[in-house]
Amino acid sequence: MITVKRFILGEIETNTYVLESDGLCAVIDPAIESQELLEFLKGKSVKYILLTHGHFDHISGVNSIVKETGAKVCIHSLDSEMLSDGNKSRYDFHFGGIQPEIKADILLTDNDEIALGETVIRVMHTPGHTNGSVCYILENERIIFSGDTLFRLSAGRTDLAGISTVLAARNELESLQRIAQLSGDYRVLPGHGEETTLQFERENNRYMRGRNASYSY
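Residues numbered from 1 in each chain as written. Predicted model: local features only at pLDDT ≥ 70, side-chain atom pairs only at ≥ 80, totals over all residues. Heavy atoms only, no water.

Concerning the overall build of the protein chain
Heads up, the rule is: The numbering of helices and of strands both runs from the N terminus, where a helix is a DSSP run of H or I of at least 4 residues and a strand a run of E of at least 2. Atoms considered for the radius of gyration are the C-alpha atoms alone. The globule rule reads 2.2 Å times the number of residues to the power 0.38. We call two residues contacting when some pair of their heavy atoms lies within 4.5 Å. Values of accessible area rely on a 1.4 Å probe in the Shrake-Rupley scheme; residue burial ignores everything except the protein chains shown.
Scanning the protein chain for helices and strands turns up seven helices and 14 strands. Relative to a compact globule of 217 residues, whose C-alpha radius of gyration would be 17 Å, the protein chain shows 16 Å and is just as compact. Across the protein chain, every contact between residues at least 6 apart in sequence was considered, and the portion connecting residues at least 24 apart equals 58%. In the form shown here, the protein chain has an accessible surface area of approximately 9700 Å², with 46% of it arising from carbon and sulfur atoms.

Here's the deal with helix α6 (residues 165–180)
The cut-off we apply is this: Under the convention used throughout, the expected extent of a helix is 1.5 Å for every residue step, that is, one less than its residue count. Buried, partly exposed and exposed residues are distinguished by accessible area as a fraction of the type maximum, computed with a 1.4 Å probe on protein chains only: under 20%, between the cut-offs, and over 50%, respectively.
Helix length check: α6, at 16 residues, gives a terminal C-alpha distance of 22 Å against a target of 22 Å (1.5 Å per residue), a fit within 8%. Listed in full, the buried residues belonging to α6 are A168, A169, N171, E172, L173, S175, L176, I179 and A180. Buried residues along α6 sit in contact with β8 (119–125), β9 (134–138), β10 (143–147), β11 (150–151), β12 (154–155) and α7 (198–204).

Notes on the pattern of salt bridges
Keep this limit in mind: The term salt bridge refers to a side-chain nitrogen of Lys or Arg lying within 4 Å of a carboxyl oxygen of Asp or Glu.
Here the structure, examined in full by the defined rule, presents nine salt bridges. Between K88 and E81 there is a salt bridge whose closest N-O contact spans 2.2 Å. E81 sits in the partly exposed class, given a relative accessible area of 49%.

Quick word on helix α3 (residues 62–69)
The criterion, for reference: Each C-beta atom gives one direction from the helix axis, and the arc is the one those directions make.
Every buried residue of α3 is listed here: V62, S64 and I65. Taken around the axis of α3, the buried residues stretch over an arc of 165°, which confines them to a single face. Next to the buried residues of α3 lie β3 (24–28), α1 (35–41), β4 (45–50), α2 (56–59) and β5 (72–76). Two residues or fewer after α3 comes G70, characterised by a positive phi angle close to 75°.

Side note on the environment of L116
Residue placement: L116 occurs in strand β7 (residues 113–116). Exposure remark for L116: the relative accessible area of 0% places this residue in the buried category. Considering only alpha carbons, one finds L116 and V18, 98 residues apart in sequence, at a separation of 12 Å. When neighbours within four sequence positions are excluded, L116 is seen to be in contact with L19, S21, D22, L24, C25, A26, K47, Y48 and I121.

A word on the sheet that holds β7
As a reminder of what qualifies: At least two DSSP bridges between two strands are needed for those strands to be called paired.
Read across the sheet, six strands follow the order β7-β8-β9-β10-β13-β14 without closing on themselves; strand pairing throughout is mixed. Each edge of the open sheet is held by one strand with a lone partner, namely β7 and β14 (196–197). Direction of pairing for strand β13 (residues 187–190) relative to β14: antiparallel, over a ladder of two bridges. Bridged to V188 within β14 is T196.

Details of the nonpolar core
The nonpolar side chains of soluble globular proteins are, as a tendency, buried together. We count it as follows: What we call a nonpolar core is a set of buried Ala, Val, Leu, Ile, Met, Phe, Trp, Tyr and Cys residues that are connected through their side-chain atoms within 4.5 Å.
Grouped together as the largest cluster of nonpolar side chains are 20 residues, with contacts concentrated most on L37 and L51. Per-element accounting of this core gives the leading share, three residues, to α1. If near-sequence neighbours (up to four positions away) are discounted, L51 is found in contact with D29, P30, H58, I59, V62, V73, C74, I75, L83, V134 and Y136. Grouped together as the second largest cluster of nonpolar side chains are 19 residues, L50, L108, L116 and I121 included.

And the structure:
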């Protein structure tokens, strides 16, 4: 039995999720240091912080949770530099000053599996929005935490990946096609906005159908 709790945090209204399974928790994309979130986590066994990518609005609450819980920080290897580089994470652009350094404990690659009690979380590398963007897929529970790769009727912007926009857009469309090819339907929990389903996006999201995108977030 799993539960998912959503917190909408920060100026860009990032979805931060707490996944609970068998008495263990994973926090996905802690956007900011949030007393509400920390209070919710008090007394819980928080095993992982799972980052879908390294932008400031998905990582800025990491250190406060690590301090309180000792959770291990997981991020794809291609986005790991963002945890210590405020220019790459866009922290400098939005806040100025020096981004507090975040330590990655586990560097992820495609198809890695993370165990949270009896729940298996599979990592799907979905470059485009950033080079190291990932989705976290719970196949038995039919849930995708899609970060800023896939939104309801939209997709993540591709002008921030640090490579040519053309290449990033191609990567994004290929990532969306890979998600679309998953078998059956899934509940999709994105990094911003309301949740959706994979089947709804297959049928209605033009970016999943291979058309050029104007991106969000």
